[in-house]
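Overview (structure and organization)
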Amino acid sequence: MTLCIAACTVTGVIVRPWKLPEAVWAILGAIALMGFGLISPGDAGRAILKGTDVYFFLVGMMVLAELARHEGLFDWLAAYAVRQSRGSPARLFGLVYVVGAVVTIFLSNDATAVVLTPAVYAAATQAGAKPLPVLFICAFIANAASFVLPISNPANLVVYGARMPSLGLWLSQFGLASLASIGVTFVMLRLTQRAALTGEIRRDIQLPTLSRGGRVAAGGIAITAVVLIVASSLDWQLGLPTCLASLATTAAILILNRLSPWVIAKDVSWSVLPLVAGLFVLVQAVEQTGILKPLIKLLPRASLAAPDATGFAAGSAVALLCNAFNNLPLGLVAGSVASSAHLSPHLTGALLIGVDLGPNLSVTGSLATILWLVALRREGQAVSGWDFLRQGCLVMPPALIASLLVFLGFRFT
């Protein structure tokens, strides 16, 4: 019964029957589990509290991203990329890729998929460029660059939880693998879109004036990044520092522009919080069925016998499963297994790469990619799940293989 409810809940989150928000299905799943006595209210409450650091992190990043959007920072970045492209669609492609990577690294993959996408679409359309190549960038770089730093993807906090490595250790583990992911994804995207990157685009589009609020938002993002780097180096949890730095930046801009907090708060996707909380309950109930026990026993033994092969197989399997079950619940399961089985950094890191990079195969792989598709539909741009899958089949596997090989080969020789 637990597994049936879990499957229905994940399906509801991904498919959104009757266009109900993702959070509704997660909440209904949690209520059903408690209603059938499959998890006690006390255990459900403790499962929800496990995600406290994740909630703080999400609030901080969502508010900061919405603040930057409201103050025109993303519009300015997208228009600046078009101006600097000097009429070349190929150069524009490269510049947008760099902007997307920077936004993902320092503001998380959700900001790139949700907030940067409309700005890139508007700038590309104004310049007369074919929008689809640069829009694909916003989806693919959001996952490809999402393990450069712990803050680049909320799934990183879910997988590691309180066992998050310090910044120095994180960079030594994932630095080269991240470069491989970003580089191979760029090459594959560029090759698949080469036919659309010919000709010329407008050079003279107007660069919007970056307001004082926009400059303060940019400074706040930089300060937040520094705060998080310091927090990570001190082995602190990242959620509360992220939230406090974001709120301080928001307060400065609200005071500067004499705005009501409601102006920013009304456009933040608050429903993400109950969605994540419901998924924590879901995973706790699945754990209690004992279905994960074989994995908890098998993975450490397999890792001792053949560490590289086990890491590669586990990372690849998780990457594929993300597209069937979404990477957020898969990340929760991976984190639970890693904690219960006391998996080595070798194996946990391979699982994380699968969780972060796997969603580049299909639009159902991550919440960020689903929200990217929603953002496109709002702009009237049609991209079907089949279109994304065809692109993902060419882009994701080479990037995943390269990242896992670099991670395993360079770190564990």
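This report concerns the structure included in the present document. (Residues numbered from 1 in each chain as written. Predicted model: local features only at pLDDT ≥ 70, side-chain atom pairs only at ≥ 80, totals over all residues. Heavy atoms only, no water.)

1. Examining the overall build of the protein
Along its length, the protein carries 20 helices and zero strands. Here the protein has a C-alpha radius of gyration of 21 Å; the compact-globule value for 413 residues is 22 Å, and the two agree. Principal-axis analysis of the C-alpha atoms places the extent of the protein at approximately 60 × 50 × 45 Å. Across the 413 residues that make up the protein, the buried fraction comes to 55%. Within the protein, residue pairs in contact and separated by at least 24 positions form 82% of the contacts whose partners lie at least 6 positions apart. With the model as given, the accessible surface of the protein reaches about 16900 Å², and the carbon-plus-sulfur share is 68%. (Helix = DSSP H or I, 4+ residues; strand = E, 2+ residues; numbered from the N terminus. Rg over C-alpha atoms; globule rule 2.2 N^0.38 Å. Buried < 20%, exposed > 50% of the residue type's maximum accessible area, 1.4 Å probe, protein only. Contact = heavy atoms within 4.5 Å. Areas by Shrake-Rupley, 256 points an atom, 1.4 Å probe, with all protein chains shown as cover.)

2. Details of the packing of aromatic side chains
Applying the stated criterion across every chain yields a total of 14 aromatic pairs. Aromatic side chains F140 and F388 sit 4.9 Å apart centroid to centroid with 5° between the ring planes, which places their arrangement in the stacked category. Of this pair, F140 sits in helix α8 (residues 131-144) while F388 sits in helix α20 (residues 385-411), and the two are 248 residues apart along the sequence. Consider the rings of Y160 and W170, whose centres lie 5.6 Å apart with planes at 65°: the pair is edge-to-face. In this pair, Y160 is assigned in helix α9 (residues 154-160) and W170 in helix α10 (residues 167-192), connecting sequence segments 10 residues apart. In this structure, Y160 and W170 share a single accessibility class: buried. A connected cluster of aromatic rings, assembled from ring pairs, spans F147, Y160, W170, F174 and F407. (Phe/Tyr/Trp six-rings, centres within 6.5 Å; stacked < 30°, edge-to-face > 60°.)

3. A closer look at the packing of helix α3 (residues 41-49) against helix α14 (residues 272-288)
Where α3 contacts α14, the axes come no closer than 8 Å and their chain directions differ by 125°. With respect to α14, the element α3 is oriented oblique. Judged by the sense of rotation from one axis to the other, the crossing of α3 with α14 is right-handed. Taken together, the residues of α14 that come into contact with α3 (itself represented by D43, A44, A47 and I48) are A277, F280, V281, Q284 and Q288. Per-class residue counts for the contact of α3 with α14 are six nonpolar, two polar and one charged. (Axes fitted to C-alpha atoms, helices over the stretch in contact; angles between N-to-C directions. Parallel < 35°, antiparallel > 145°, perpendicular 65-115°, else oblique. Left-handed = near helix turned anticlockwise from the far one by under 90°. Nonpolar A, V, L, I, M, F, W, Y, C, P; charged D, E, K, R; others polar.)

4. Topic: the pattern of salt bridges
Here the structure, examined in full by the defined rule, presents five salt bridges. Measuring nitrogen to oxygen at the nearest pair gives 3.6 Å for the salt bridge that ties D267 to R69. One end of the pair, D267, is in the loop between α13 (261-265) and α14; the other, R69, is in helix α4 (residues 52-70), and 198 residues separate them in sequence. Exposure remark for R69: the relative accessible area of 33% places this residue in the partly exposed category. (Salt bridge = Lys/Arg side-chain N within 4 Å of Asp/Glu carboxyl O.)

5. Some thoughts on α10
One turn of an α-helix holds 3.6 residues; hence residues three or four places apart share an orientation. Counted at 1.5 Å a residue, the expected span for α10 with its 26 residues is 38 Å, and the 35 Å between its end C-alpha atoms agrees. Along α10, the residues that are buried comprise L167, W170, Q173, F174, A177, S178, A180, S181, I182, T185, M188 and L189. (Expected span 1.5 Å × (residues − 1).)

6. Structural notes on the environment of G278
Counting through the fold element by element, G278 comes out in helix α14. Once residues within four sequence positions are removed from consideration, G278 is found in contact with A26 and A30.

7. Looking at unusual backbone geometry
Negative phi is the rule for most residues except glycine; trans is the rule for most peptide bonds. Unusually for a residue other than glycine, S108 sits at a positive phi of about 85°. Note on placement: S108 falls in the loop between α6 (89-107) and α7 (109-126). Phi at H342 takes a positive value of approximately 50°, unusual for a residue other than glycine. Given the relative accessible area of 69%, H342 is considered exposed.

8. Brief notes about the environment of V276
Assignment of secondary structure puts V276 in helix α14. Between the C-alpha atoms of V276 and I27, which are 249 residues apart in sequence, the distance is 9.4 Å. Residues in contact with V276, not counting those within four places in the same chain, are V54, Y55, L58 and L328.

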